[in-house]
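Working through the structure, step by step
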Amino acid sequence: MNILAIESSCDETAVAIVADGHKILTDCIASQVELHRIYGGVVPEIASRKHMEAIYALADRALEKADLTRADIDAVAVTYAPGLIGAVLVGVNFAKAAALALNKPLIPVHHIRGHIAANYLAYPELKPPFLCLVVSGGHTMIVDVEDYTKMRILGTTLDDAAGECFDKVGRVLGMPYPGGAALDKAAQRGDDTKYNLPRSKPGVNPYDMSFSGLKTATLNLIHHAEQVGETLDVDSLCASFCAAVSDTLVPRLVAAIRETGRKRVAVAGGVAANSRIRADFLKQAEALGVEVFMPPLSLCGDNGAMIGAQAYYEYLSGNTAGMELNAFATKSILGETI
Ligand code: KG4
Ligand code: ZN
């Protein structure tokens, strides 16, 4: 089954064609990152307009690159939530028109379910149940993936997402948007013990976490250094920051592995590209004897293929939509409007 998958929830317009949920026939991305960089973050209206300009040609290019014609497409999938609403609307509207024109099913996909499904592309042998640590620009959660479309949230961030903190700290340090990758690179040259940054303590739900304290402490440290004219060791600050984020995430994931007894554990989302988090997670998971799944960096960030992968399983579960499908800025991974 060839699924034409559309993703436009943030600043990447992405169109992929995925066969049977795991084989990428093509994965085209038109990134707007350079455009938003001068503003230090995504400007929603610019994002929507750029998606509008790019999406049609990108879909045509996807067909061309896969050496397919419109007649070879069996269904159209689209990210319908969550994201910048104007941006998501562009993708949803395009997908509706495509499904109507091709007379094929329309499959709505939750963006975070898509991130988790990137693992099926990287590891076709992976099947639920498994645990997944989802860390992206807007979401941070530990999910028990009981089945392809049946999930349980074990814990989430109570305030900021990990990616938001990376981007904020990166911006204040003068790094290009989005700061996560640059911060990661600088961290590799630094001493992670040089700056003492806070880690959120387990609360009522031991799997919930918080990043706002870490963000504030890091920003205060930077501003204080500026005020007193102290030169910061930026590489070591980045290393200390990455260590603090990892120390917040990985022990909770380890606790969840122990509690649930799951034998397979995956990571997903843009921040899952972080080398410190990957290394710490790998070390802990190996010690626990669980199987580890970490998508390549190209599949951690936003892409269309992950939407095509999840769409296949949504379709098999009967989760298709009609022309009344709407877009949502927020929606839980379980499908509830929040
Ligand atoms: O999943 P994603 O591409 O988009 C959302 O759904 O939000 O995640 C984007 C986030 C950004 O905050 C970006 O800074 C972060 O992923 N990111 C990283 C790294 N690469 C991207 N954060 C830490 N280390 C990285 N290597
Ligand atoms: Zn994403």
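Residues take numbers from 1 onward in each chain, read along the sequence in its written order. Working convention: letters from A go to chains and numbers from 1 go to ligands, in the order in which they are written. Reporting in this predicted model follows two pLDDT cut-offs: at least 70 for local features of residues, and 80 or more for side-chain atom pairs to be given and counted; totals over whole chains, interfaces and linings ignore these cut-offs and use all residues. With hydrogens and water stripped out, all remaining heavy atoms of the structure feed into the side-chain values.

1. As for the overall build of the protein
Each helix is a run of DSSP H or I of at least 4 residues and each strand a run of E of at least 2, with the numbering of both proceeding from the N terminus. Along its length, the protein carries 11 helices and 10 strands. Only the C-alpha atoms count toward the radius of gyration. The rule for a globule is 2.2 Å times the residue count to the power 0.38. Relative to the globule expectation of 20 Å for 338 residues, the C-alpha radius of gyration of the protein, 20 Å, shows essentially globular dimensions. Reported as C-alpha extents along the three principal axes, the dimensions of the protein are approximately 65 × 45 × 35 Å. When a residue's accessible area, from a 1.4 Å probe over protein chains only, is under 20% of the maximum for its type it is buried; when over 50% it is exposed; and in between it is partly exposed. The 338 residues of the protein split such that 52% are buried. Should any heavy atoms of two residues lie within 4.5 Å, those residues are counted as being in contact. Nonlocal contacts in the protein, meaning residues at least 24 apart in sequence, comprise 73% of its contacts between residues at least 6 apart. Per-residue and other accessible areas were derived by the Shrake-Rupley procedure at a 1.4 Å probe size, with only the shown protein chains allowed to occlude residues. Looking at the protein as shown, the accessible area adds up to about 14200 Å², and 52% of this sits on carbon and sulfur atoms.

2. A short note on the nonpolar core
By size, the foremost hydrophobic cluster in this structure holds 48 residues, and its most contacted members are Ile142, Leu183, Phe211, Phe241, Val245, Leu249 and Phe281. Elements with a contribution of two residues or more to this core: strand E6 (130-135), helix H5 (162-172), helix H6 (179-187), helix H7 (212-228), helix H8 (234-260), strand E9 (264-268) and helix H9 (275-288). Apart from residues no more than four positions distant in its own chain, valine 245 is found in contact with Ala162, Phe166, Phe211, Leu214 and Ile277. By convention a nonpolar core is built from buried Ala, Val, Leu, Ile, Met, Phe, Trp, Tyr and Cys residues, the set being connected through side-chain atoms within 4.5 Å. Judged by nonpolar contacts, the second largest core, of 35 residues, contains Ala16, Ile107, Leu121 and Val145.

3. Thoughts on the coordination of the zinc ion (ligand 2)
Donor atoms: N, O and S within 2.8 Å of the metal, or within 3.2 Å for Na, K and Ca. Because water is excluded, sites can look incomplete. Donor atoms from the polypeptide that coordinate the zinc ion (ligand 2) comprise His111 (NE2), His115 (NE2) and Asp302 (OD), at 2.0 Å from the metal. Note that the zinc ion (ligand 2) binds 4 donor atoms; their angles at the metal cover 97 to 128°, and the shape is tetrahedral. Between the donor residues of the zinc ion (ligand 2), the gaps in sequence give the motif H-x3-H-x186-D. Of this pair, histidine 111 and histidine 115 both sit in helix H4 (residues 111-122), 4 residues apart, which is roughly one turn of that helix. In these descriptions, tetrahedral denotes four donors with every angle between 85 and 135 degrees, square planar four donors and octahedral six donors with opposite donors over 155 degrees apart and the rest between 65 and 115, and irregular any other case.

4. Comments concerning a negative patch on the surface
Residues Asp20, Asp67, Asp72 and Asp74 make up a contiguous surface patch of negative charge. Within the secondary structure layout, aspartate 20 lies in the loop between strand E2 (12-19) and strand E3 (23-31). Patches draw on residues past 30% relative accessible area with no salt bridge. Two like charges within 9 Å are joined, as are two nonpolar side chains (Val, Leu, Ile, Met, Phe, Trp, Tyr) within 5 Å. Any carboxyl oxygen of Asp or Glu within 4 Å of a side-chain nitrogen of Lys or Arg constitutes a salt bridge here. Asp and Glu count as negative and Lys and Arg as positive, but His and the ends of the chain are not part of the count. Charge placement uses NZ in Lys and CZ in Arg. For Asp and Glu, CG and CD serve respectively.

5. Quick notes on the packing of aromatic side chains
When we look at a pair of aromatic rings, we describe it by the centre distance and by the angle of the planes. Two aromatic rings from Phe, Tyr or Trp, using only the six-membered ring of Trp, form a pair when their centres are within 6.5 Å; if the ring planes differ by under 30 degrees the pair is stacked, by over 60 it is edge-to-face, and anything between is tilted. Under the defined criterion, the tally for this structure stands at 8 aromatic pairs. Aromatic side chains tyrosine 120 and tyrosine 313 sit 5.4 Å apart centroid to centroid with 65° between the ring planes, which places their arrangement in the edge-to-face category. With tyrosine 120 in helix H4 and tyrosine 313 in helix H11 (residues 305-316), this pair connects stretches of sequence that are 193 residues apart. Neither residue differs from the other here; tyrosine 120 and tyrosine 313 are each classed as buried.

6. What to know about the layout of surface pockets
Within this model, the second largest pocket holds a volume of roughly 220 Å³. Two kinds of site are reported from a 1 Å grid over the protein atoms alone, namely cavities, where a 1.4 Å probe fits but cannot get out, and pockets, open sets with protein on both sides within 12 Å along at least five of seven lines, and residues are called lining when an atom falls within 4 Å of a point. Lining of the second largest pocket is provided by Leu4, Tyr56, Ala59, Asp60, Leu63, Arg70, Ile73, Phe94, Ala97, Ala98, Ala101 and Leu102. Where the lining of the second largest pocket is concerned, the elements lending two or more residues are helix H2 (44-66) and helix H3 (85-102). Ranked by residues supplied to the lining of the second largest pocket, first place goes to H3 with 5 residues. Classifying every residue of the lining of the second largest pocket gives 10 nonpolar, no polar and 2 charged. Grid points are joined across faces, edges and corners, and a volume is the space filled by probe spheres set on the points. Amino acids outside the nonpolar list (Ala, Val, Leu, Ile, Met, Phe, Trp, Tyr, Cys, Pro) and the charged list (Asp, Glu, Lys, Arg) are all regarded as polar, and Gly is one of them.

7. Digging into unusual backbone geometry
For the bond from alanine 81 to proline 82, the omega torsion is -20°, close enough to zero to count as cis. Among the secondary structure elements, proline 82 is positioned in the loop between strand E4 (75-81) and H3. The omega torsion across proline 128 and proline 129 is 5°, close enough to zero to call that bond cis. Mapping proline 129 onto the fold places it in the loop between H4 and E6. Of note, aspartate 20 is a non-glycine position whose phi angle comes to about 50°, a positive value.

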